[in-house]
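# Descriptive analysis of the structure
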Amino acid sequence: AVSSYTRCLAMNHASTRTATLANRAAAHLKLEQYSKAEEDAELVLAADPSHSKALHRRGIARRNLGKYSLALHDFQAVLQAMPGNVQILQEIEQLKVEESKSANSLR
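Predicted, not measured: the structure shown is a model, and the values here were computed from it.

Under the counting rule described, the total for this entry stands at nine salt bridges. Between Asp74 and Arg58 there is a salt bridge whose closest N-O contact spans 2.5 Å. Placement of Asp74 in helix H5 (residues 68-81) and of Arg58 in helix H4 (residues 52-64) is noted, with a sequence separation of 16 residues between them. For Asp74, a relative accessible area of 0% gives the class buried. Salt bridges sharing common partners tie together Glu38, Glu42, Arg58, Arg62, Lys67 and Asp74.

Let us now look at the packing of H4 against helix H6 (residues 86-105). Packing of H4 against H6 brings their axes to within 11 Å, and their N-to-C directions diverge by 15°. Of the possible angle classes, the one that applies to H4 and H6 is roughly parallel. Regarding H4 and H6, the two cross each other, and that crossing is left-handed. Counting all contacts with H4, which are made through His56, Ile60 and Arg63, the residues of H6 involved are Gln87, Ile88, Glu91, Gln94, Leu95 and Glu98. Considered class by class, the residues forming the contact of H4 with H6 number three nonpolar, three polar and three charged.

The rules behind the values
Residues numbered from 1 in each chain as written. Predicted model: local features only at pLDDT ≥ 70, side-chain atom pairs only at ≥ 80, totals over all residues. Heavy atoms only, no water. Salt bridge = Lys/Arg side-chain N within 4 Å of Asp/Glu carboxyl O. Helix = DSSP H or I, 4+ residues; strand = E, 2+ residues; numbered from the N terminus. Buried < 20%, exposed > 50% of the residue type's maximum accessible area, 1.4 Å probe, protein only. Axes fitted to C-alpha atoms, helices over the stretch in contact; angles between N-to-C directions. Parallel < 35°, antiparallel > 145°, perpendicular 65-115°, else oblique. Left-handed = near helix turned anticlockwise from the far one by under 90°. Contact = heavy atoms within 4.5 Å. Nonpolar A, V, L, I, M, F, W, Y, C, P; charged D, E, K, R; others polar.

Here it is as structure tokens:
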């Protein structure tokens with residue numbers, strides 16, 4: 001999927017660039033390529049700062065990269081756009097657990 005999205009980006013269709021990058025970010029997440037997912041989500045957000053899927057995907061990538069405070073910021077931004085979203089609330093709870101485990105392992 002990543003290579004298909006990359007080929008699509010090479011065609012340079014401005015009308016589909018944001019969606020293609022957002023989809024490629026999702027593909028990178030599935031492959032556990034978190035840095036690449038974060039980069040693609042950043043590109044989407046540069047064009048559309050309120051793109052909730054890109055915020056969510058960047059948050060997941062950042063959580064997996066150990067960037068907990070940045071991930072929390074992303075998840076909270078998604079929650080502002082979609083109040084009460086159960087999936088995002090669960091992501092925030094999971095993030096808090098992972099952050100706590102990480103902090104305890106550093107002690």
